[in-house]
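Now for the letters of each chain:
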There are 2 protein chains.
Amino acid sequence: MARNCRKDRSKALAGSWDKNAGNWARAVRDGLIPSRRAGTDEAIVNAILAHKPARLLDVGCGEGWLIRRVAQSIDCQALSIDGSAALIADARQADPRHAYRVFAYADLIEDAKSLGTGFDAIVFNYAILDEDAARLLTSVEPLLAPEGRIFIQTLHPRALDGPYRDGWRTEDFAAFAGPGWEPMPWYFRTVESWHETLRDAGLVLLDLTEPMADGRPLSLLMTCKSLKR
Amino acid sequence: MARNCRKDRSKALAGSWDKNAGNWARAVRDGLIPSRRAGTDEAIVNAILAHKPARLLDVGCGEGWLIRRVAQSIDCQALSIDGSAALIADARQADPRHAYRVFAYADLIEDAKSLGTGFDAIVFNYAILDEDAARLLTSVEPLLAPEGRIFIQTLHPRALDGPYRDGWRTEDFAAFAGPGWEPMPWYFRTVESWHETLRDAGLVLLDLTEPMADGRPLSLLMTCKSLKR
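Residues numbered from 1 in each chain as written. Chains lettered and ligands numbered in written order. Predicted model: local features only at pLDDT ≥ 70, side-chain atom pairs only at ≥ 80, totals over all residues. Heavy atoms only, no water.

Some words on the state of the cysteines
Summed over all chains, the structure comprises 0 disulfides over all chains. No disulfide involves C76 of chain A; its nearest neighbouring cysteine sulfur is the one of C61 of chain A, lying 14 Å away. In this structure C76 of chain A comes out as buried when scored by relative accessible area, which is 15%. Here C224 of chain A stays unpaired: no disulfide links it, and the sulfur of C224 of chain B, its closest cysteine neighbor, is 17 Å away. (Disulfide = S-S within 2.5 Å. Buried < 20%, exposed > 50% of the residue type's maximum accessible area, 1.4 Å probe, protein only.)

This is the structure we're talking about:
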């Protein structure tokens, strides 16, 4: 894909979240996303809790459900970031006790260190939607504590409709009720491509699980550490 | 699954190969297996050649096509093993210049070291069909040279019909022409389960690729090294 086209998609992806913020917050809070209810929310929360992080960074936090859920079980100093100012406002309103910041993919690539370092857990829950994932992960790797882990949850290869190859797709949110959704471009990555991406970012895959419901895999859930530590 | 039932399946799996030896040798040699022709043969051969092994162990070699193909490109001291005496006889007849031995899963678990050590490549091309794969891999790990690699090719998660979970299935060879096929029990493993299996066997997954044809993934191809070296 030509560089400009890639940039256009990245921009449209980032822009879609501000436009969809209200709809998205309602979808998450009303439990309108079947796979989340069926097990992916529980899977990411359990993976994080098992690691008992004292400091957590939630990247692409959306309306902030994750830190609210994690904080029900453990004391955890958390920073939740998202590129959408509207979603960060929603998150802050829902629980002002936690720290939030409007911070986009581009900000992470330019200036991740301004978020602080020494995170025991850095979480991307369906939050790596842009093409250049290796650069994104390379940028956050230095923020990990020595025993820190990066948790990535993403689409399972069996859950994908259409040809199985890396590339941009469009989520039209047709499965969600209500008008006013803005289509969101997002980048699908094969399992092979995820492995390459992690390696290119200097990460080691420690765990790969496949949360299931009714004999169907809901997601891939990857736990990584830095190769350097 | 009860222990006896598992043993029965393992025994039926081992037995099916002697009964199917003639049909199998013909299927491989006449190119009757579409996924092999479409790319999985080429994928495993290229992965091996890229590692330039001086010594190679082909586990579950069948009628021996792999070493014949590898030997077209590199000089390589190879040992090819299979539990079926009939298939080993076929392999030896097809190219007597290489070394062969009748050696079953059970033999590997009991006495792998009698095969020698210092292998640069140990290959399981659709050859891990039994339930207790971790024990099998644990048994061969000490045979690796310091920079040695284990190559495993297996079914892709998107190519599986039916529910996605670990368990015994039956291959009825209905896709192959000709009478006289004996159904073969074989154990399917999810991607999560493969990761666990490799870790339990003290292996590190270095590479995972997905050979493709016509936008469809044909297989998972994993390259591993020992955690100890």
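That covers the picture; the talk isn't over yet.
Some points on the nonpolar core
For soluble globular proteins, the rule of thumb is that nonpolar side chains tend to be buried together. Counting 140 residues, the largest nonpolar core has F124 of chain A together with F124 of chain B as the members making the most contacts within it. Setting aside chain neighbours within four positions, we find F124 of chain B in contact with V59, L136, L137, V140, I150, F151, I152 and Q153 of chain B. (Core = buried A, V, L, I, M, F, W, Y, C linked by side-chain atoms within 4.5 Å. Contact = heavy atoms within 4.5 Å.)

A closer look at the relation of the copies chain A and chain B
Overlaying chain A with chain B gives an RMSD of 0.0 Å, the required rotation being 180 degrees about an axis along which the chain moves by 0.0 Å. Within this description, the copies of the chain are treated as partners about a two-fold rotation axis. Ranked by how close their C-alpha atoms come to the rotation axis, the residues of chain A are headed by R158 of chain A, at 2.7 Å. When the interface residues of chain A are mapped onto chain B, 100% of them again fall at the interface, so both copies present the same face. (Least-squares fit on C-alpha atoms with pLDDT ≥ 70 in both.)

Observations concerning the pattern of salt bridges
Here the structure, examined in full by the defined rule, presents 20 salt bridges over all chains. Across the pair D207 of chain A and R199 of chain B runs a salt bridge, and its minimum N-O distance is 2.8 Å. With D207 of chain A in strand 8 (residues 203–209) and R199 of chain B in helix 7 (residues 191–200), the pair connects residues from two separate chains. Of the residues examined, D207 of chain A reaches a relative accessible area of 30% and is grouped as partly exposed. Residues joined by salt bridges that share partners form a network here, namely R29, E63 and R68 of chain A. (Salt bridge = Lys/Arg side-chain N within 4 Å of Asp/Glu carboxyl O. Helix = DSSP H or I, 4+ residues; strand = E, 2+ residues; numbered from the N terminus.)

What to know about unusual backbone geometry
All names here are of chain A. Phi is positive for F173, which is not a glycine, with a value near 60 degrees. Locating F173 in the fold gives a position in the loop between strand 6 (167–171) and strand 7 (184–188). The exposure class assigned to F173 is buried, which follows from its relative accessible area of 4%.

What to know about the packing of aromatic side chains
Residues and elements named next belong to chain A. Applying the stated criterion to the full structure yields 16 aromatic pairs over all chains. Between W186 and F188 the ring centres are 6.3 Å apart and the planes differ by 90 degrees, which places this aromatic pair in the edge-to-face class. Pairwise contacts between aromatic rings join W17, W24, F173, F176 and W181 into one cluster. Here the basic side chain of R55 rests over the ring of F119, its NZ or CZ set 4.4 Å away from the ring centre. (Phe/Tyr/Trp six-rings, centres within 6.5 Å; stacked < 30°, edge-to-face > 60°. Lys NZ or Arg CZ within 6 Å of the ring centre and 35° of its normal.)

Observations regarding the interface of chain A and chain B
With 22 residues of chain A at the interface, the matching set in chain B holds 22 residues. Of the roughly 1800 Å² buried between chain A and chain B, counting both surfaces, carbon and sulfur atoms make up 48%. Our count for the contact surface shared by chain A and chain B stands at 2 salt bridges. For the pair chain A and chain B, the number of links is 20 residue pairs in polar contact (both at pLDDT 80 or more). Where the side of chain A that touches chain B is concerned, the elements lending two or more residues are helix 7 (191–200) and strand 8 of chain A. The leading source of residues in the side of chain A that touches chain B is strand 8 of chain A, at 5 residues. Tallied by class, residues from the side of chain A that touches chain B come to 10 nonpolar, 6 polar and 6 charged. (Buried area = accessible area lost by both parts, 1.4 Å probe. Polar contact = N/O pair within 3.5 Å; in protein donor to acceptor, adjacent residues only side chain to side chain. Nonpolar A, V, L, I, M, F, W, Y, C, P; charged D, E, K, R; others polar.)

The quantities given are spatial measurements derived from coordinates; they are silent on function.
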